[in-house]
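Structure at a glance
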Amino acid sequence: MSVIAAVEALNFGLDHLAAAARRRGHGLVLLTADRSRYLHELALAAPGSLTVVDVDTDDADRVLAVLRDMPGGVAGVLRMVDTVSDQAIHVARQLGLPHADPAAVALLRDKGGFREHLRSHGLSRVRSQVFDPAASSAADDLVPFLDFPCVVKDVAGAGSRNVWLVRDKEEFSDVLEAARRSVSLGGRPLTAETYLIGPMYSAETLTWDGQTRLLGVCSRTLSPEPDFREESASFPVALPDALEAEIREHVSRVLASVGYRHGFTHTEFIRTAEGVETVEVNPRLGGVVIGELMRRAAGFDVHQALVEMALGERPALMDMVPPPPTGAAAVGLYAPEPGIVASVEGGPTLAKHPGSPRLYPVQDRGSRIDSISDQRGLVSIVLTEGETAELALHHAWSAAGKVRVRMVPDVTTG
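Here's what I pulled together on the structure shown here. The residue count restarts for each chain, going from 1 along the sequence in the order it is written. Residue-level local features of this predicted model are given only where pLDDT is at least 70; pairs of side-chain atoms are given and counted only at 80 or more, and the full residue set underlies all totals for whole chains, interfaces and linings. Water and hydrogen atoms were dropped before computing side-chain values, which therefore reflect all heavy atoms in the structure.

**Let's talk about the sheet that holds strand E10 (residues 211-222)**
Stated formally: A pair of strands is considered paired only if DSSP assigns at least 2 bridges between the two. Under the scheme used here, helices are H or I runs from DSSP no shorter than 4 residues and strands are E runs no shorter than 2 residues, and both carry numbers assigned from the N terminus. Axes here mean lines fitted to C-alpha atoms, for a helix over just the part in contact, with angles spanning 0 to 180 degrees between N-to-C directions. Contacts between residues were defined by any pair of non-hydrogen atoms, one from each residue, lying within 4.5 Å.
Here we have eight strands laid out as an open sheet, ordered E13-E12-E9-E10-E11-E14-E18-E16, and antiparallel in their pairing. Two strands in the sheet have a free side with no partner beyond their single neighbour: strand E13 (275-282) and strand E16 (358-361). If you compare each strand with its neighbour and ignore which way they point, the axes differ by 25 degrees on average. Two strands pair when backbone bridges link them, and strand E9 (residues 200-208) and strand E12 (residues 263-272) are joined in this way by eight bridges, in the antiparallel orientation. The residue bridging Glu204 from the neighbouring strand is His266, located in E12. Helix-sheet contacts for helix H10 (residues 290-298) involve E9, E10, strand E11 (230-235), E12, strand E14 (327-334), E16 and strand E18 (378-386), and the interaxial angle to E14 is about 150 degrees. Seen against the sheet, helix H11 (residues 302-310) touches E9 and E12 and runs at an angle of roughly 125 degrees to E12.

**Notes on the environment of Arg167**
For the record, the criterion: Each residue gets one of three labels from its accessible area relative to the maximum for its type: buried under 20%, exposed over 50%, partly exposed in between, using a 1.4 Å probe on protein chains only.
Here Arg167 shows up in the loop between strand E7 (163-166) and helix H8 (169-181). Residue classification places Arg167 among the partly exposed positions, given a relative accessible area of 39%. The spacing of Arg167 and Pro149 is 18 residues in sequence and 4.2 Å in space, taken between C-alpha atoms. Not counting residues up to four positions away in its chain, the partners in contact with Arg167 are Phe148, Pro149, Glu225 and Pro226.

**Considerations on the pattern of salt bridges**
Oppositely charged side chains can pair when the atoms bearing their charge come close. Filter applied, for reference: Salt bridge criterion: a side-chain nitrogen from Lys or Arg within 4 Å of a carboxyl oxygen from Asp or Glu.
Tallied over the entire structure, the rule returns 27 salt bridges. Residue Glu277 pairs with Arg125 through a salt bridge whose shortest N-O separation is 3.5 Å. Taken together, the positions of Glu277 in strand E13 and Arg125 in the loop between helix H6 (111-120) and strand E5 (128-131) put the pair 152 residues apart, joining distant regions of the chain. Glu231 serves as the salt-bridge partner of Arg229, at 3.1 Å between the closest nitrogen and oxygen.

**Thoughts on the sheet that holds strand E1 (residues 3-7)**
Ordered in space as E3-E2-E1-E4, the four strands form an open sheet in which the pairing is parallel. Looking at strand neighbours, the two that pair on one side only are strand E3 (50-54) and strand E4 (74-78), the edges of this open sheet. Taking the axes of each pair of neighbouring strands and ignoring which way they run, one obtains an average angle of 25 degrees across the sheet. Note that strand E2 (residues 27-32) and E3 share five bridges and pair parallel. Bridge pairing in E3 links Leu30 to Val52. Sitting on the sheet, H11 touches E1 and E4, and the angle it makes with E4 is about 120 degrees.

**Topic: a negative patch on the surface**
Using the following cut-off: To count toward a patch, a residue needs a relative accessible area over 30% and no salt bridge; like charges are then connected within 9 Å, while nonpolar side chains (Val, Leu, Ile, Met, Phe, Trp, Tyr) are connected within 5 Å. Using a 1.4 Å probe, accessible areas were evaluated by the Shrake-Rupley method; residue-level cover was limited to the displayed protein chains. Under the convention used here, Asp and Glu are negative, Lys and Arg are positive, and both His and the chain ends fall outside the count. Throughout, a charge is located at the NZ atom of Lys, the CZ atom of Arg, the CG atom of Asp or the CD atom of Glu.
A surface patch of negative charge is lined by Asp56, Asp58, Asp59 and Asp61. With respect to the helices and strands, the residue Asp59 is situated in the loop between E3 and helix H3 (60-68).

**A closer look at H10**
Here H10 lies mainly inside the structure; eight of its nine residues are buried. Phi for Gly299, located one or two positions after H10, is positive at around 70 degrees.

**A look at the packing of aromatic side chains**
What counts here: Put simply, two rings from Phe, Tyr or Trp (the six-membered ring, in Trp's case) pair if the centres are within 6.5 Å, and we call them stacked under 30 degrees between planes, edge-to-face over 60, tilted for the rest. Ring-over charges, as used throughout, are those where CZ of Arg or NZ of Lys falls within 6 Å of the ring centre and within 35 degrees of the ring normal.
All told, the structure shown has four aromatic pairs when counted by the stated rule. In this structure, Arg229 is placed above the aromatic ring of Tyr334, and the distance from its NZ or CZ to the ring centre is 3.8 Å.

**Considerations on unusual backbone geometry**
Excluding glycine, residues mostly have negative phi values, and the peptide bonds linking residues are mostly trans. With an omega dihedral of 0 degrees, the bond running from Phe148 to Pro149 counts as a cis peptide bond. Inspection of the secondary structure puts Pro149 in the loop between helix H7 (138-142) and strand E6 (150-154). In this model, Phe235 is joined to Pro236 through a cis peptide bond whose omega is -5 degrees. Within the secondary structure, Pro236 is located in the loop between E11 and helix H9 (241-258). The phi dihedral of Asn162 falls on the positive side, at around 60 degrees, and the residue is not glycine. Take Asn162: it is sitting in the loop between E6 and E7. Even without being a glycine, Ser356 presents a positive backbone phi close to 50 degrees. For Ser356, the position within the fold is in the loop between strand E15 (339-345) and E16. Residue classification places Ser356 among the partly exposed residues on the basis of a relative accessible area of 48%.

Right, here's the structure in full:
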């Protein structure tokens, strides 16, 4: 039997993905450099529903060699994770299988280059500067050209890591020093751009042959400044017709401008006083539990669509007429302080709570948490349902308040 190969995957949804592949007569193979990321999903998976191959997924040639030796052959390759997008596309191209345009994906993943692209194409008013934080003259060279407050971030960052709010020249100097010390930055450049004021949302879209469908908008709640930790999400946000049309048109124009013709996108945007402004576009399905929110609230089988596109077929989701949506929401449960995860308490209480709360563990007991200022501090997620997205979010925040993350000190760092 041929297989659908996932070069890494999102944290949740492997069971749905395996079922979608099986319906098409294929097995599912997960290639991963760290299977511990999927312990929760693998524990729930039906025996024999998928195969896990341990391989350095940063090494495209090694992944290619594994897939060329796969019994039954490979029918499609899934690209779901930003950090190995290039590898997944390379492997698919070498195997002669459907794949996204590498230039379009590369531009969307380059936060500095993409921001300049938006401005030069009349799709954004935001000013930006890409710079090397290691340069000794960076502060003196850049400050005259920056609008304060501004946001400084890693051009290839993810999970709100290496993102700083900078209010003035003194804070900019502090950020440069922090960037120079950051091991995770790995010497990459940073981009400084105008700080957008307003609530953040994400547009969940699907594109096929250059036609983009807006599946819905997800609310996003961020932590208080100066951090940008994602606290909650709900789907689908009820929008006035005019605003929904504005968002649909804006995202479609952005994707067309970069030549993105096939695949899911997760577009984060701010609704400013002057209108919609794109923050960034992730050329993939929204991460963590967004796919599950879409499945529960609107019946969208996003995993079937992923398999269909990997096979080079127009996804049925492009033409699906969904039933009237309900709502689904998620709240992140973060470690209260760095240390070692001891337990997540309060789960049994949720059985009595409205909204059918369910806990999705992100970190296992014994995991070390080094930072709580970004998504690295996320320990678990509580997901709920409701008649509307607003009610689902009320359920989620109430349920999250019943759960406690307990930590113990990390004695190894003493």
